Amino acid sequence: GYSYAHDRHPFVAFLHLLDAAEKGSDIFMSVPFLGDFDAIDQLCHYANPEYGGLQIYLILGPKEWNVRTLEKFVGRSKSREEAVNRLHIKRFGHDEHWSTATYSHSKAMICSAGAMIGSYNLTGAARLRYTEHSILLGPESNIEGLGNELRQLWGDIKTAEIKISRMPSPTKDAPPAAGNV
């Protein structure tokens, strides 16, 4: 069968799975750490109706910097704001203290084209500096259990989906306010 594996890095396999998924289909991902703008850009690309219209459900870890990364990615861009908000994003768990922390540390992706599980975080460091591994399972594999687990986890998260707003643009060449002359 068709292999998504790449001898250098799982990022390439991640892209092949997105590209090979059936148009408009669901993708569920458990992503405890999301910090790679290139990965975010690709997720936004494939969620765009012009390029697949995938329904992408991201289960993020509880770290606040995951949300700040999305905010930095969006910046002041209206188009990026719209793109990120096509993604379905929820945070899961908490990590206030190491002894009571609870979150999904799984790094998994499941779609109509198969599944990927392994050590790969969607961070720049994972893509550019670390040795990462992923196991890829094609669509002929029995991945129903993993898919059910991720769908159930998504449904069990009671918080609303995260929506990211762009930063306001600075006022350009505005006349000084009255009394500030």
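What counts, and at which threshold
- Residues numbered from 1 in each chain as written.
- Predicted model: local features only at pLDDT ≥ 70, side-chain atom pairs only at ≥ 80, totals over all residues.
- Heavy atoms only, no water.
- Salt bridge = Lys/Arg side-chain N within 4 Å of Asp/Glu carboxyl O.
- Helix = DSSP H or I, 4+ residues; strand = E, 2+ residues; numbered from the N terminus.
- Buried < 20%, exposed > 50% of the residue type's maximum accessible area, 1.4 Å probe, protein only.
- Core = buried A, V, L, I, M, F, W, Y, C linked by side-chain atoms within 4.5 Å.
- Contact = heavy atoms within 4.5 Å.

Draft legend 1. Focus on the pattern of salt bridges. According to the stated counting rule, one finds four salt bridges in the structure shown. Among the ionic pairs, arginine 91 bridges to glutamate 64, the shortest N-O distance being 2.9 Å. Here the residue arginine 91 occupies a position in strand S3 (residues 88-91), and glutamate 64 occupies one in helix H3 (residues 64-74), the gap between them amounting to 27 residues. For glutamate 64, a relative accessible area of 39% corresponds to the partly exposed category. In this structure, the salt-bridge partner of lysine 78 is glutamate 82, at a minimum N-O distance of 3.8 Å. One end of the pair, lysine 78, and the other, glutamate 82, are both in helix H4 (residues 78-84), four residues apart, so they sit about a helical turn from each other. Of the residues examined, lysine 78 reaches a relative accessible area of 48% and is grouped as partly exposed.

Draft legend 2. Just the nonpolar core, in detail. Among the nonpolar cores identified, the biggest contains 37 residues, and Phe14, Met29 and Ile56 are the most heavily contacted of them. Taken together, the elements giving at least two residues each to this core come down to helix H1 (10-20), strand S1 (26-31), helix H2 (37-47), strand S2 (55-60), H3, H4 and strand S4 (108-111). Setting aside its immediate chain neighbours within four residues, phenylalanine 14 contacts Met29, Ala39, Gln42, Leu43, Met109, Met116 and Leu122. If you look at the next biggest cluster of nonpolar residues, it comprises eleven residues, including Phe28, Ile110, Ile143 and Leu150.

Worth remembering: the numbers are spatial, not functional.
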